[in-house]
Amino acid sequence: MDTHTLTIHSLSQGFREKKFSVTEITKYFFEEIQKKDKDIGAYLSLMNEEALVEAKYADGLFHENKVTSLLTGIPLAIKDNILIEGIKTTAASKILEQYTASYDATVIKKLKDEHAVFLGKTNLDEFAMGSSTENSAFHITKNPHDFTRVPGGSSGGSAAAVSAGLAVGALGSDTAGSVRQPAALCGVVGLKPTYGSVSRFGLIAMASSFDHVGPITKTVEDAAILYDAIKGHDPFDATSISEEQLSTTHPDPHYIKKLVIGIPKECFEFELEKEVKEGIERAMEKFKRLGFVLKEISLPHIKYSVPAYYIITPAEVSANLARFDGIRYGNIQNLKSVRADGHQILNLKELYEKNRGTGFGSEAKRRILLGTFVLSAGYYDAYYGKAKKIQECIAEDFDKAFDNKTENGVDVMFMPTTPTRAFKIGEKTENPVSMYLSDIFTVPMNFAGVPALSLPVERYDLKKKELPVGFQLVGKKMHERDILGLGMYYERN
Ligand code: GLN
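Please read these numbers as outputs of a predicted model, since none were measured by experiment.

Draft legend 1. Quick look at the packing of aromatic side chains. Evaluated as defined, the whole model comprises 25 aromatic pairs. Each ring, one from Tyr99 and one from Tyr329, has its centre 5.8 Å from the other, and the planes form 75°; the classification is edge-to-face. In this pair, Tyr99 sits in the loop between strand S2 (75-79) and helix H4 (106-113) while Tyr329 sits in the loop between helix H10 (305-320) and helix H11 (348-359), placing the two residues 230 residues apart along the sequence. Its relative accessible area of 10% is what places Tyr99 among the buried residues. Between the aromatic rings of Phe127 and Phe324, the centroid separation amounts to 5.1 Å while the plane-to-plane angle is 40°, which identifies the pairing as tilted. In this pair, Phe127 sits in the loop between strand S3 (117-122) and helix H5 (156-163) while Phe324 sits in the loop between H10 and H11, placing the two residues 197 residues apart along the sequence. Phe324 matches Phe127 in its accessibility class, with the two residues each being buried. Taken together through their ring pairs, the aromatic side chains of Phe287, Phe292, Phe414, Phe471, Tyr489 and Tyr490 make up a single cluster. Sitting over the face of the ring of Tyr490, Lys286 holds its NZ or CZ atom 4.0 Å from the ring centroid.

This is the structure in structure tokens:
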């Protein structure tokens, strides 16, 4: 069996037709992980025992013909900043090395209700800060298409697992592109939903006003299935939107064919790697050939999104990471692991210095320092206040472009996902600004809260060793059905 080609859809059909059992498939995935993950490093920890218990239960449901969900028995990978009760959850940080989650994230609860099978927790940049998964405190993850290159980040483990056939689907988190960018670099599909449509209860917060949970899958159809399962109002997340406002993910093809696609001209003013530019042009040509109307539009402020992001986010990060002191969220016996060896801690300040000094990696520290600085008295208006105004301008750019009452209003937008294909391991680690610029096309949607889907220009065969190129479809708030429907249309043609 080739696990690369398995989708939620095909696997579920196989279960139903009793071609194989969930237990057989689960064991097979663990064998594949055993064989291949030493080269890739997608997983931080595996859930062999729990997965086999769930698989057996799912087999029982199939046996009794009681299955109503496409996700029953499907092997999934979960980014290690999403809590699963009783399972170690580290956010790829040393400060959480000994933390076991005491409850399920809402998205996990929802997937458990469907009897999906969790294979394990995937690698990420520490606390989801980064674009290459090189900021993990534990190990780096390699791009399955080329082991000398990064899988992107911060959900690099989830994207690599799906791309390498080590999970059928995965969950990631996206604060500025962390679902879409690794999906693009690994040749798979990633969806950042509308802000508030998927609960973040049980997601370890990075920058709460931009954090989203989203699916990473092989096909757009699978992304729609996962999105359908995890979306919904949650009283535990204060930003969660009401059930009535949530869109359906089942669009009708006649409706899809009438969607007008906007192409923001600013995206082509940035320097794109030659192969990315060519890939993006091929995708645009395909939409034209399929009969879609493509219109040039303008998002004049998106060029300020990265600088503004790197002011607002550190401010939120510095507040969210303040709770980690090496005492809570860890096992007290293991405090030694973050304290300096053999050193007698004398007072609280010293304990904080030791624990936070050794528990956080350099990117986390950089953001805590930056965030504390931009929020400090006398600087707030100059930095944070200004950056929030830029965020408003960018959100207005999207509102205007999507305003169908005006002559130039469009229904969806088409954009590149990243300026380059997967870059070499180590290439950007010494220069944080060049790393930050990988987010140029993904940050604006987190500012505006609109949904965005990244999908590969072509199907990329791992054996051919080509580096994938991805593009994004961006929708109006709560119009996931538009971008998923259009994405499926592209994928099927
Ligand atoms: N590259 C972004 C950052 O480092 C990605 C964050 C994210 O989406 N989690 O902040």
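There is more to say after this.
Draft legend 2. The arrangement of helix H2 (residues 22-40) in detail. Of all the bends found along H2, the most pronounced is centred on Gln34 and spans about 40°. Those residues of H2 that sit buried are Val22, Thr23, Ile25, Thr26, Phe29, Phe30, Glu32, Ile33, Asp37 and Ile40. Turning to H2, the residues buried within the fold contact helix H1 (8-16), strand S1 (43-46), helix H3 (48-63), S2, S3 and H5. Looking at the residues trailing H2, positive phi occurs at Gly41, about 75°.

Draft legend 3. View of the pairing of strand S9 (residues 412-416). Of all five residues that make up S9, five are buried, and the element is covered over most of its length. Side chains Val412, Phe414 and Pro416 of S9 all project onto a buried face; the interleaved residues Met413 and Met415 project onto the opposite face, where all are buried too. Across two bridges, the pairing between strand S7 (residues 260-264) and S9 is parallel. From the neighbouring strand, Gly262 faces S9, where its bridge partner is Met413.

Draft legend 4. The arrangement of unusual backbone geometry in detail. Between Gly153 and the following residue, Ser154, the backbone shows a cis peptide bond with an omega angle of 5°. When you line up the elements, Ser154 lands in the loop between S3 and H5. Despite not being glycine, His115 has its phi angle at roughly 60°, a positive value. Mapped onto the elements of the fold, His115 is located in the loop between H4 and S3. In this model, Phe127 sits at a positive phi of 55°, which is unusual for a non-glycine residue.

Draft legend 5. Examining the environment of Tyr383 more closely. By secondary structure assignment, the location of Tyr383 is in helix H13 (residues 381-401). On the accessibility criterion, Tyr383 (32% relative accessible area) is partly exposed. Non-local contacts of Tyr383, meaning those with residues more than four positions away in its chain, are made with Ile311, Phe373 and Val374.

Draft legend 6. The arrangement of the sheet that holds strand S11 (residues 470-474) in detail. Here we have eleven strands laid out as an open sheet, ordered S1-S3-S2-S4-S6-S5-S10-S11-S9-S7-S8, and mixed in their pairing. Strands at the two margins of the open sheet, each flanked by one partner only, are S1 and strand S8 (293-297). Pairs of neighbouring strands in the sheet enclose a mean axial angle of 25°, with direction left out of account. Relative to strand S6 (residues 213-217), strand S4 (residues 169-173) runs antiparallel, the two sharing five bridges. Note on S6: the bridge partner recorded for Leu171 is Pro215.

Draft legend 7. Focus on the packing of H10 against helix H12 (residues 362-375). Interaxial distance between H10 and H12 falls to 7 Å at its minimum, and their mutual angle equals 100°. When the axis of H10 is compared with that of H12, the two are roughly perpendicular. Listed contacts from H12 to Tyr309, Tyr310, Ile311, Thr313, Pro314, Ala315, Val317 and Ser318 of H10 are Arg367, Ile368, Leu370, Gly371, Thr372, Val374 and Leu375. Residue composition of the contact of H10 with H12, grouped by class: ten nonpolar, four polar and one charged.

Draft legend 8. Summary view of the environment of Tyr103. Mapped onto the elements, Tyr103 comes out in the loop between S2 and H4. Given the relative accessible area of 31%, Tyr103 is considered partly exposed. In this structure, the C-alpha to C-alpha distance between Tyr103 and Lys38, residues 65 residues apart in sequence, is 30 Å. Residues in contact with Tyr103, not counting those within four places in the same chain, are Leu83, Ile84, Glu85, Phe201 and Gly202.

Draft legend 9. Just the site of the ligand, in detail. Lining the immediate environment of the ligand, one finds 15 residues, of which Thr175, Ala176, Ser178, Tyr309 and Arg367 sit closest. One of the side-chain N or O atoms of Tyr310 is found 3.3 Å from an oxygen atom in the ligand. Within the side chain of Arg367, one N or O atom sits 2.7 Å away from an oxygen atom of the ligand. Relative to its unbound accessible surface of 290 Å², the ligand loses 99% to contact with the protein.

Draft legend 10. Representation of H1. For H1, the set of buried residues is Ile8, Leu11, Ser12, Gly14 and Phe15. What you see down the axis of H1 is that its buried residues fit within an arc of 155°, all on one side. Where H1 is buried, its residues contact H2, H3, S2 and helix H7 (220-230).

Reading the values: rules and limits
Residues numbered from 1 in each chain as written. Predicted model: local features only at pLDDT ≥ 70, side-chain atom pairs only at ≥ 80, totals over all residues. Heavy atoms only, no water. Phe/Tyr/Trp six-rings, centres within 6.5 Å; stacked < 30°, edge-to-face > 60°. Helix = DSSP H or I, 4+ residues; strand = E, 2+ residues; numbered from the N terminus. Buried < 20%, exposed > 50% of the residue type's maximum accessible area, 1.4 Å probe, protein only. Lys NZ or Arg CZ within 6 Å of the ring centre and 35° of its normal. Bend = angle between axes of the 7 residues up to and from the residue. Contact = heavy atoms within 4.5 Å. Pairing = 2+ DSSP bridges. Axes fitted to C-alpha atoms, helices over the stretch in contact; angles between N-to-C directions. Parallel < 35°, antiparallel > 145°, perpendicular 65-115°, else oblique. Nonpolar A, V, L, I, M, F, W, Y, C, P; charged D, E, K, R; others polar. Near = heavy atom within 4 Å. Polar contact = N/O pair within 3.5 Å; in protein donor to acceptor, adjacent residues only side chain to side chain. Areas by Shrake-Rupley, 256 points an atom, 1.4 Å probe, with all protein chains shown as cover. Arc of directions from axis to C-beta.

Just distances and angles here, no functional claims.
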